[in-house]
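Residue-level structural notes
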Amino acid sequence: MKTRSTLLGLVLWMTPGCVIGNAQEKEEKAKPVIITMTTLHRSMDVKAKDWKAAEQEYFDKVTSKNDLIIGSELMTHYYTDDNTEVILVNVYKSWDDVEKAKAISDDLTKKGWPDEKARTAFLDKYEKFYTPVHSDEIYQSITSIGEIPYKDQTKKPMIVYLRKSQMSMEGKGRNVKEFNEKITFKDPFIKAYYPFRHLWGSNSTDFMEAFFYDSLADLEKSNEKIDELIKSTWPNEKDADAFFDELEKSFTGKHSDYIYRNIPSLSK
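So, how was this worked out
- Residues numbered from 1 in each chain as written.
- Predicted model: local features only at pLDDT ≥ 70, side-chain atom pairs only at ≥ 80, totals over all residues.
- Heavy atoms only, no water.
- Pairing = 2+ DSSP bridges.
- Helix = DSSP H or I, 4+ residues; strand = E, 2+ residues; numbered from the N terminus.
- Axes fitted to C-alpha atoms, helices over the stretch in contact; angles between N-to-C directions.
- Buried < 20%, exposed > 50% of the residue type's maximum accessible area, 1.4 Å probe, protein only.
- Core = buried A, V, L, I, M, F, W, Y, C linked by side-chain atoms within 4.5 Å.
- Contact = heavy atoms within 4.5 Å.
- Salt bridge = Lys/Arg side-chain N within 4 Å of Asp/Glu carboxyl O.
- Phe/Tyr/Trp six-rings, centres within 6.5 Å; stacked < 30°, edge-to-face > 60°.
- Lys NZ or Arg CZ within 6 Å of the ring centre and 35° of its normal.
- Polar contact = N/O pair within 3.5 Å; in protein donor to acceptor, adjacent residues only side chain to side chain.
- Expected span 1.5 Å × (residues − 1).
- Arc of directions from axis to C-beta.

Our next topic: the sheet that holds strand E1 (residues 34–41). Taking strand neighbours around the barrel as the criterion, the eight strands line up as E1-E3-E2-E8-E5-E7-E6-E4 in a closed arrangement whose pairing is antiparallel. Direction aside, neighbouring strands of the sheet carry axes that sit 35° apart on average. Pairing geometry for strand E4 (residues 135–141) and strand E6 (residues 192–200), over four bridges, is antiparallel. The residue bridging Tyr139 from the neighbouring strand is His198, located in E6.

With that out of the way, let us pick up the pairing of E1. In the case of a regular strand, side chains alternate between the two sheet surfaces. For E1, a buried count of eight out of eight residues is recorded, marking the element as mostly surrounded by other parts of the structure. Of the two faces of E1, the one lined by Ile34, Thr36, Thr38 and Leu40 and the one lined by Ile35, Met37, Thr39 and His41 are each fully buried. Where E1 meets E4, six bridges bridge the pair, whose relative direction is antiparallel. If you follow Thr38 over to E4, its bridge partner there is Asp136.

With that settled, consider the nonpolar core. General note: in soluble globular proteins, nonpolar side chains tend to be found buried as a group. Grouped together as the largest cluster of nonpolar side chains are 24 residues, with contacts concentrated most on Phe179, Ile183, Tyr213, Ile230, Trp234 and Phe244. Among the secondary structure elements, those contributing two or more residues to this core are strand E5 (159–167), helix H5 (176–182), strand E7 (206–213), helix H6 (216–233) and helix H7 (237–248). In contact with Ile183, not counting residues within four places along its chain, are Ile226, Leu229, Ile230, Thr233 and Trp234. Core analysis: the second largest hydrophobic core is formed by 16 residues, Met75, Val160, Leu162 and Met208 among them.

Below, the discussion takes up the environment of Lys156. Relative to the helices and strands, Lys156 is located in the loop between E4 and E5. Not counting residues within four places of it along the chain, the set of residues in contact with Lys156 comprises Asp214 and Pro264.

Applying the stated criterion across every chain, the model contains nine salt bridges. The partner of Lys164 in a salt bridge is Asp206, and the shortest N-O contact between them spans 4.0 Å. Highlighted residues: Lys164 in strand E5 and Asp206 in strand E7, separated in sequence by 42 residues. Asp206 sits in the buried class, given a relative accessible area of 6%.

Turning our attention to the packing of aromatic side chains. A full pass over the atoms with the stated rule returns 16 aromatic pairs. Their ring planes at 70° and their centres at 5.0 Å tell us that Tyr78 and Tyr79 sit as a pair that is edge-to-face. Note on Tyr78: relative accessible area 25%, which makes it partly exposed. Judged by relative accessible area, which is 53%, Tyr79 ranks as exposed. An aromatic cluster is present here, built from Tyr58, Trp113, Phe122, Tyr126 and Tyr130 joined pairwise through their rings. The cationic tip of Arg42 hangs over the ring face of Trp51; the distance from NZ or CZ to the ring centre is 4.9 Å.

Turning to the environment of Gln166, a few remarks are in order. Mapped onto the fold, Gln166 is located in strand E5. By relative accessible area, which is 26% here, Gln166 ends up partly exposed. Excluding residues within four positions of it along the chain, Gln166 makes contact with Thr205, Phe251, Thr252 and Lys254. A distance of 2.9 Å separates a polar atom in the side chain of Gln166 from a polar atom in the side chain of Thr252.

A few words now on the side chain of Ser168. Residue placement: Ser168 occurs in the loop between E5 and H5. Engagement of the side chain of Ser168 in a polar contact is seen with the backbone oxygen of Lys249, the distance being 3.1 Å. Those residues in contact with Ser168 that sit more than four places away from it in its chain are Lys249, Ser250, Phe251 and Thr252.

Moving on to helix H4 (residues 116–127). In this model H4 runs 16 Å from its N-terminal to its C-terminal C-alpha over twelve residues, within 8% of the 16 Å that 1.5 Å per residue would give. Listed as buried for H4 are Arg119, Phe122 and Tyr126. Looking straight down H4, one finds that the buried residues subtend no more than 65° of arc, so they occupy a single side. The exposed set on the far side of H4, more than 90 degrees from its buried face, consists of Glu116, Lys117 and Glu127. Here the buried face of H4 lies against helix H2 (48–61) and helix H3 (95–112). N-capping of H4 is provided by Asp115, with a side-chain oxygen placed 3.2 Å from the backbone N of Lys117.

So, in structure tokens, the structure goes:
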């Protein structure tokens, strides 16, 4: 039987033509949301506690009160190639809300710091926590293959495993919905799961999955559990090979992995 290790986490990365199209034939899908990801780089000349305090103040006065931002996370480097990385993720119902939310945030900023001098001082201080270099990517959720939303907001930082796959863009490959139902959604170690694909950015083949775990140990246990579920679901070797051969048609086989930690008090 072919090894399944290269497929763990990859099996959900399908082109819209084969995933969303097939799902629409069977059931009405929820409307996709817009996800913006801004990669910032924290300055090494400032204290972490001062940076976090400033982010918390901004979140409390602005982000948490902006109703058009329906989800938000601030993720920090844990196991990536750059320890200065800070990933700001915001979720919106529509592209119109992305534009409208900025105006609302500007208004909330004025209300949060009504004194102009105090507001300017805070924003100047805030900008010094980051270098001038940043990057922006915009994604869209793939609702047809499902997700695992937060059930309980924890006060302990969670492990966020991001996996980026390169789609083949040939419109081939099936079985993703079946895999989710039989494997991904039965894994007790995955506390939250969100799949999303390129909408506006540097690489149209990008497909991302975010897996939330309580700990690194649970991430390891999750891999073992998925392997166990695969073996029990497809005990016949020929059936397993046929199923995964179909899945493999959807991507090139190239992927990259990133592990971050979130900050619960800055989650929405």
